[in-house]
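# Structural description and commentary
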Amino acid sequence: MEVRFAVGPEETKGFNTQQLIDNFLVKDLMVADKLKLVYSHYDRVIIGGAVPVAKAITLSNHPELRAEYFLERRELGIINIGGKGTITADGKKYDLEKLSCLYLGKGTQKVSFASASKKNPAVFYLLSAPAHATYPNTLYTKEQASPVELGAVETANKRTVYKYIHLDGLKSCQLVMGLTVLAPGSVWNSIPPHTHTRRMEVYLYFDLPEGQRLFHFMGNPMETRHLVMTNNEAVISAPWSTHYGCGTTNYGFIWGMAGENLVYTDMDPAPVPTLK
Ligand SMILES: O=C[C@H](O)[C@@H](O)CC(=O)C(=O)O
Ligand SMILES: [Zn+2]
């Protein structure tokens, strides 16, 4: 498992492009028949991908955790962004259509990921955080995720936000997770921008067609930097960092957070005219 230590805002503002990539960009998450995991020291979140094609993939334990099994002291949110798939957790099977979400609580011992079809495999995105209590393993479809319309065509940011794991949705210790889908012709996400030093955040961009790119803005809102991203790449947002982006076409992204609270609306605005 790759480990990324945390860096601060003072250090980050001197980074060149490669240093920004090495510290914040997560590439090659979705590789056929492999479990890919990146351990970030911001709130000890683990970011992962599992694409089962020829065989099922097991959520294996890792020495960095010094645990008996992966979820001994952790919770896990999983969203499928591919074809139909099945997750088996301690013998119980959960079928996930595209954009369904499964929450797995602390204490779940055996987890495996499978696809319904090799031709159109499931693509599972994983986000895990330390947990100190057990909440029930629960599946949510996107229809259950109380979709909210945000933005406008005029400002090229019309989008639908689906919230899965949060204070009024699937119960968790500290994970907050959902996704946003941009309407055709809309390209800007998370406008007006914000920070929340109470929680770190990770964005996983998906359904970005080949040949298109996503310009993700990050850093102190008064000293922004950017990363150029492709489909199925994730970006780690430090608790002090803003996180918003603009695509060369519309797309979707999974957002996930961990930290101090579970309140989705707890954000400190960084209004557009104040950005530098
Ligand atoms: O803290 C919350 C996150 O940054 C996202 O949920 C924002 C978002 O999906 C959007 O505005 O489109
Ligand atoms: Zn945010």
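Note: the structure precedes this text.
As a starting point, this report considers the structure included with it. (Residues numbered from 1 in each chain as written. Chains lettered and ligands numbered in written order. Predicted model: local features only at pLDDT ≥ 70, side-chain atom pairs only at ≥ 80, totals over all residues.)

### Remarks on the overall build of the chain
- What the chain contains, in helices and strands, is two helices and 24 strands.
- The C-alpha atoms of the chain give 18 Å as radius of gyration, which agrees with the globular expectation for 276 residues (19 Å, within 12%).
- Counting only C-alpha atoms, the chain reaches 55 × 40 × 35 Å along its principal axes.
- In the chain, once contacts between residues fewer than 6 apart in sequence are set aside, the share between residues at least 24 apart is 73%. (Helix = DSSP H or I, 4+ residues; strand = E, 2+ residues; numbered from the N terminus. Rg over C-alpha atoms; globule rule 2.2 N^0.38 Å. Contact = placed C-beta atoms within 7 Å.)

### Overview of the sheet that holds strand β8 (residues 92-96)
- One open sheet accounts for four strands, arranged β5-β10-β7-β8; its pairing is antiparallel. Here the strands that pair on one side only, and so sit at the sheet edges, are β5 (57-58) and β8.
- Here β5 pairs with strand β10 (residues 111-115) via two bridges, running antiparallel. What sits directly across from Thr-58, in β10, is Ser-112. (Pairing = 2+ DSSP bridges.)

### Quick notes on the environment of Leu-179
- Along the polypeptide, Leu-179 turns up in strand β15 (residues 176-182).
- Along the backbone, Leu-179 and Cys-101 are 78 residues apart, and their C-alpha atoms lie at a distance of 10.0 Å.
- Ignoring any residue separated from it by four or fewer positions in sequence, one finds Leu-179 in contact with Ile-79, Leu-99, Tyr-162, Gly-252, Phe-253, Ile-254 and Trp-255.

### Overview of the pairing of strand β7 (residues 85-89)
- By the alternation rule, side chains of β7 split into Gly-85, Ile-87 and Ala-89, which are all buried, and Thr-86 and Thr-88, of which none is buried.
- The sheet contact formed by β7 and β8 spans five bridges and is antiparallel. Counterpart to Ala-89 in the pairing with β8 is Lys-92.
- Linking β7 to β8, which pair antiparallel, is a turn of two residues; within it Asp-90 sits at a positive phi near 45 degrees. (Buried ≥ 20, exposed ≤ 12 C-beta atoms within 10 Å, placed from the backbone.)

### Examining unusual backbone geometry
- With omega at 0 degrees, the peptide bond leading from Ile-191 into Pro-192 counts as cis.
- Tracing the chain through its elements places Pro-192 in the loop between β16 (188-189) and β17 (194-195).
- Residues other than glycine seldom take positive phi values, yet Asp-33 does so here, at roughly 65 degrees.
- Relative to the helices and strands, Asp-33 is located in the loop between β2 (25-26) and β3 (35-40).
- Taking the C-beta count within 10 Å as the criterion, Asp-33 has 13 such neighbours and is therefore assigned partly exposed.
- Of note, Asp-207 is a non-glycine position whose phi angle comes to about 55 degrees, a positive value.

### Topic: the nonpolar core
- Grouped together as the largest cluster of nonpolar side chains are 76 residues, with contacts concentrated most on Val-45, Ile-78, Leu-204, Tyr-205 and Phe-253.
- With six residues, the single largest contributor to this core is strand β18 (residues 199-206). (Core = buried A, V, L, I, M, F, W, Y, C linked by C-beta atoms within 7 Å.)

### What to know about the site of ligand 1
- Neighbouring ligand 1 are the residues Leu-150, Arg-159, Val-161, Thr-180, Asn-189, Ser-190, Glu-201, His-243, Trp-255 and Met-267.
- A breakdown of the residues in the shell around ligand 1 according to their chemical character gives four nonpolar, four polar and two charged. (Near = placed C-beta within 6 Å. Nonpolar A, V, L, I, M, F, W, Y, C, P; charged D, E, K, R; others polar.)

### Considering the sheet that holds β18
- Taken in spatial order, the seven strands make up an open sheet running β2-β21-β18-β23-β15-β14-β13, and their pairing is antiparallel. Each having just a single partner strand, β2 and β13 (148-150) make up the two edges of the open sheet.
- Relative to strand β23 (residues 252-259), β18 is paired through eight bridges, and the arrangement is antiparallel. Paired with Phe-206 across the two strands is Gly-252, which belongs to β23.

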